[in-house]
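Here is what each chain is made of, one letter per residue.
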Amino acid sequence: MMELVGVSKRYGTGAAEVVALEGVDLRVADGEFVAIVGPSGSGKSTMLQLMGALDRPTEGSVVVEGETTAALSARERTRLRQRSIGFVFQQFNLIPTLSAARNVEAPMAPLGIARSKRLGRSLALLEALGLEGRSDHLPVQLSGGEQQRVAIARALANEPRLILADEPTGNLDSSTGEDVLRLLRGLNAEGRTVVVITHDDDVATSADRVVRLRDGRVVGEGSA
């Protein structure tokens, strides 16, 4: 599904240069559930941005589904994200003026999918995640757990094979966080590849493999 080979990422130049990642090698198999853990500033979010083709490495290569992301144009990277990758964030990042259903529809619109089909898929996803009665609610009218489930539904809108989640339980209480974790495990059981950045031990121990980062380098990996 994905491979990072000799990946480094630096920001700034000279004395102001910041090394976010240095010489990272990592392979994620199709259908694997991987947790990336490490202290703040260890490079976890930078790694996720590179995995998701949101940024390019300074050195090395990131290959997603056979595509070397640095060799793609901005438009091609956008198409790769739309086609293959679903993102789930700690802050939910829902559009505040759109209903839950319209938020889930949003990623489908650039692909030219008919409105009726977008709406049908949006409602089906919300129902599958237990939100059938909340489809017309704005984000402010939803609980944190409900907003995260809407965000997961949105991530699934284009049927991606890869789910990238950045601290998906970070803003949730323990019970709601466990619900979200069950959803991610269920998606993985259906065959999707899931990569999660987390500080949550429960999330990490649910993964097939844990990758530990410190100071921009992989310092260990193995089964949870």
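Notes on the structure follow. What you are looking at is a predicted structure, and each value in this text was computed from that prediction instead of being measured.

**Considering the overall build of the protein**
- The helix and strand tally for the protein stands at 7 helices and 10 strands.
- Across its three principal directions, the C-alpha atoms of the protein cover 50 × 40 × 35 Å.
- A buried classification covers 47% of the 224 residues belonging to the protein.
- Restricting to contacts in the protein with at least 6 residues of sequence separation, those with at least 24 account for 68%.
- A total of about 10,300 Å² of accessible surface is found on the protein, and carbon and sulfur atoms cover 47% of it.
- Looking at the protein, you have 26 positive and 29 negative side-chain charges, and the mean spots of the two groups are 6 Å apart.

**A short note on the packing of aromatic side chains**
- One pass over the full model with this rule turns up 1 aromatic pair.
- Where F87 meets F89, the ring centres are 5.9 Å apart and the plane angle is 5°; that geometry is what we call stacked.

**Topic: the environment of D55**
- For D55, the position within the fold is in the loop between α1 (44–51) and β4 (59–64).
- C-alpha of D55 to C-alpha of N103: the two residues are 48 residues apart in sequence and 24 Å apart in space.
- With near-sequence residues (within four places) excluded, D55 lies in contact with K9, Y11, Q49 and L50.
- A polar contact is formed between the side chain of D55 and the side chain of K9, at a distance of 3.3 Å.

**Remarks on unusual backbone geometry**
- Phi is positive for E65, close to 50°, though the residue is something other than glycine.
- By the secondary structure assignment, E65 is in the loop between β4 and β5 (67–68).
- With phi around 60°, N93 is a residue other than glycine that occupies positive phi space.
- Within the element layout of this structure, N93 appears in the loop between β6 (85–89) and α3 (100–105).

**Re the pattern of salt bridges**
- In the structure shown here, the tally under the stated rule is 16 salt bridges.
- In this structure, the salt-bridge partner of R121 is E159, at a minimum N-O distance of 3.9 Å. You can see R121 sitting in helix α4 (residues 115–128) and its partner E159 sitting in the loop between α5 (144–155) and β7 (162–166), a full 38 residues away along the chain.
- Note that R185 is salt-bridged to E178, the shortest N-O span being 3.1 Å.
- Within this structure, E178, D179, R182 and R185 form a network of salt bridges that share partners.

Rules used throughout
Residues numbered from 1 in each chain as written. Predicted model: local features only at pLDDT ≥ 70, side-chain atom pairs only at ≥ 80, totals over all residues. Heavy atoms only, no water. Helix = DSSP H or I, 4+ residues; strand = E, 2+ residues; numbered from the N terminus. Buried < 20%, exposed > 50% of the residue type's maximum accessible area, 1.4 Å probe, protein only. Contact = heavy atoms within 4.5 Å. Areas by Shrake-Rupley, 256 points an atom, 1.4 Å probe, with all protein chains shown as cover. Lys, Arg positive; Asp, Glu negative; His and termini not counted. Charge placed at Lys NZ, Arg CZ, Asp CG, Glu CD. Phe/Tyr/Trp six-rings, centres within 6.5 Å; stacked < 30°, edge-to-face > 60°. Polar contact = N/O pair within 3.5 Å; in protein donor to acceptor, adjacent residues only side chain to side chain. Salt bridge = Lys/Arg side-chain N within 4 Å of Asp/Glu carboxyl O.

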